[in-house]
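Here are the chains, one letter per residue:
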Amino acid sequence: MAQKNTKGGRSAIIIGASSGIGEGLAKRFARSGYRVALVARRESELRRVADGINRKDRKLATIHPHDVTNFAQVPTLFQQIVHELGGFDTIVYCSGVMPPVAKNEYNLEKDRQVFDVNVLGAMAWLNEAATRCERQESGTIAALGSVAGDRGRKGQPVYCASKAALASYMEGLRNRLGHRGVRVVTIKPGPVKTPMTEGLKMPFMITADDAASQIFRAVTRKRTTAYVPIIWWPIMTAIRCIPSFLFRGKDI
Ligand SMILES: NC(=O)c1ccc[n+]([C@@H]2O[C@H](COP(=O)([O-])OP(=O)(O)OC[C@H]3O[C@@H](n4cnc5c(N)ncnc54)[C@H](OP(=O)(O)O)[C@@H]3O)[C@@H](O)[C@H]2O)c1
């Protein structure tokens, strides 16, 4: 349940709010009256998103340029944002990267970047949120995993592994905090039209705004794990049951 804070109203911290799903979520939360703190590297894009949200008489969005791989900055920035918002109620970790990987490429530097952004950045931010939530016995912690995290795919071994790691971390947080009034929500989107998937053709693709509306519903209602759109729940339930050897050599 979202908490009213000392400034009144509700608030959300969106990490990775400068494009795609994070941008859509920032707008969706603001449409429901949340004050939103927008975090990502590109200041100009954050400003564009905030300008689209803020009105002369109603400033709901603030921007906080930050690289999530700068882990040492996180504790101070988290406290600063919470102070500005007048309290903590919701955080959604959206930052993610999926660099193209050639079929025969094994590149540790690229792999490390994926884990730094998709996993360690999430832990840096969500550990701060968890500490705060545990103390106040309330709050919502959400992160964008992916259907890709449900199985290892030959096209993107490390991206899949990063989303599996994130989902496992989120489950652990939920098991720690769920009985203390804290909600931990794992979102598993299927393909969404964003800069990350530019030029890719994939089944059941939805727009970033559509994904954001469905994710907003899942985050603000009592969901623990949500496939977005819901069609991916039966599909992934079936795919998770396929014996691993049947995947070998297949382009899935
Ligand atoms: N699109 C899909 O089909 C799909 C499907 C399943 C899951 N997802 C997940 O959904 C999330 C959002 O992806 P998207 O599709 O909306 O992609 P996107 O438009 O490329 O957005 C990625 C976001 O991550 C931020 N980011 C990347 N590196 C960062 C860094 N080092 N520090 C801070 N922020 C960083 C980007 O901001 P800056 O570049 O400004 O830093 C941007 O705001 C990702 O976690 C992705 O894995 C996407």
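Here is what the cut-offs are and how they apply
Residues numbered from 1 in each chain as written. Predicted model: local features only at pLDDT ≥ 70, side-chain atom pairs only at ≥ 80, totals over all residues. Heavy atoms only, no water. Helix = DSSP H or I, 4+ residues; strand = E, 2+ residues; numbered from the N terminus. Rg over C-alpha atoms; globule rule 2.2 N^0.38 Å. Buried < 20%, exposed > 50% of the residue type's maximum accessible area, 1.4 Å probe, protein only. Contact = heavy atoms within 4.5 Å. Areas by Shrake-Rupley, 256 points an atom, 1.4 Å probe, with all protein chains shown as cover. Lys, Arg positive; Asp, Glu negative; His and termini not counted. Charge placed at Lys NZ, Arg CZ, Asp CG, Glu CD. Salt bridge = Lys/Arg side-chain N within 4 Å of Asp/Glu carboxyl O. Near = heavy atom within 4 Å. Polar contact = N/O pair within 3.5 Å; in protein donor to acceptor, adjacent residues only side chain to side chain. Nonpolar A, V, L, I, M, F, W, Y, C, P; charged D, E, K, R; others polar. Core = buried A, V, L, I, M, F, W, Y, C linked by side-chain atoms within 4.5 Å. Phe/Tyr/Trp six-rings, centres within 6.5 Å; stacked < 30°, edge-to-face > 60°. Lys NZ or Arg CZ within 6 Å of the ring centre and 35° of its normal.

**Here we look at the overall build of the protein**
In terms of regular secondary structure, the protein is built from seven helices and nine strands. In terms of overall size, the protein behaves like a compact globule, its C-alpha atoms giving a radius of gyration of 18 Å where 252 residues would be expected to give roughly 18 Å. Across the 252 residues in the protein, those meeting the buried criterion constitute 48%. Partitioning the contacts of the protein with sequence separation of at least 6, the portion at a separation of at least 24 is 70%. Accessible area of the protein: about 12,700 Å², with a carbon and sulfur share of 54%. Computed over 38 positive and 21 negative side-chain charges, the inter-centroid distance for the protein is 6 Å.

**Structural notes on the pattern of salt bridges**
One pass over the structure, following the stated rule, counts 11 salt bridges. Counted as one network, the salt bridges with shared partners bring together Glu23, Lys27, Glu45 and Arg48.

**Points about the site of the ligand**
The full set close to the ligand counts 30 residues, and Ser19, Arg41, Tyr159, Val192 and Thr194 are the nearest of them. Measuring from an oxygen atom of the ligand, one finds a backbone N or O atom of Gly20 at 3.5 Å. Here Val192 contributes a backbone N or O atom positioned 2.7 Å from an oxygen atom of the ligand. Residues belonging to the shell around the ligand are distributed by class as follows: 14 nonpolar, 12 polar and four charged.

**Focus on the environment of Ile187**
Structurally, the position occupied by Ile187 is in strand β6 (residues 183–189). According to the relative accessible area criterion, Ile187 is buried, its value standing at 0%. Filtering out sequence-adjacent residues up to four positions away, Ile187 remains in contact with Ala143, Leu144, Gly145, Ser146, Ile215, Ala218, Val219, Ala226 and Val228.

**Re the nonpolar core**
By size, the foremost hydrophobic cluster in this structure holds 35 residues, and its most contacted members are Leu25, Phe29, Val36, Leu38, Ile187 and Ile215. Breaking this core down by element, the ones donating at least two residues are β1 (11–15), α1 (20–31), β2 (35–40), α2 (43–53), β5 (140–144), β6, α6 (208–220) and β9 (225–228). A total of seven residues in this core trace back to one element, the largest contributor, which is α6. Those residues in contact with Leu25 that sit more than four places away from it in its chain are Val92, Cys94, Ala212, Ile215 and Phe216.

**A closer look at the packing of aromatic side chains**
Two aromatic rings, taken as a pair, are described by how far apart their centres are and by the angle between their planes. All told, the structure shown has six aromatic pairs when counted by the stated rule. Geometrically, the ring pair formed by Tyr34 and Phe216 is edge-to-face, given 6.1 Å between the ring centres and 85° between the ring planes. You can see Tyr34 sitting in the loop between α1 and β2 and its partner Phe216 sitting in helix α6, a full 182 residues away along the chain. On the basis of relative accessible area, Tyr34 is assigned to the buried category, the value being 3%. Measuring from centroid to centroid gives 5.8 Å for Phe78 and Phe88, while their planes differ by 45°, and the two rings are tilted. One end of the pair, Phe78, is in helix α3 (residues 74–85); the other, Phe88, is in the loop between α3 and β4 (90–93), and 10 residues separate them in sequence. Owing to a relative accessible area of 4%, Phe88 belongs among the buried residues under this scheme. Taken together, the ring pairs connect Phe29, Tyr34 and Phe216 into an aromatic cluster. Looking at Arg28, its charged tip hangs above the ring of Phe216, at a distance of 4.1 Å from the centre.

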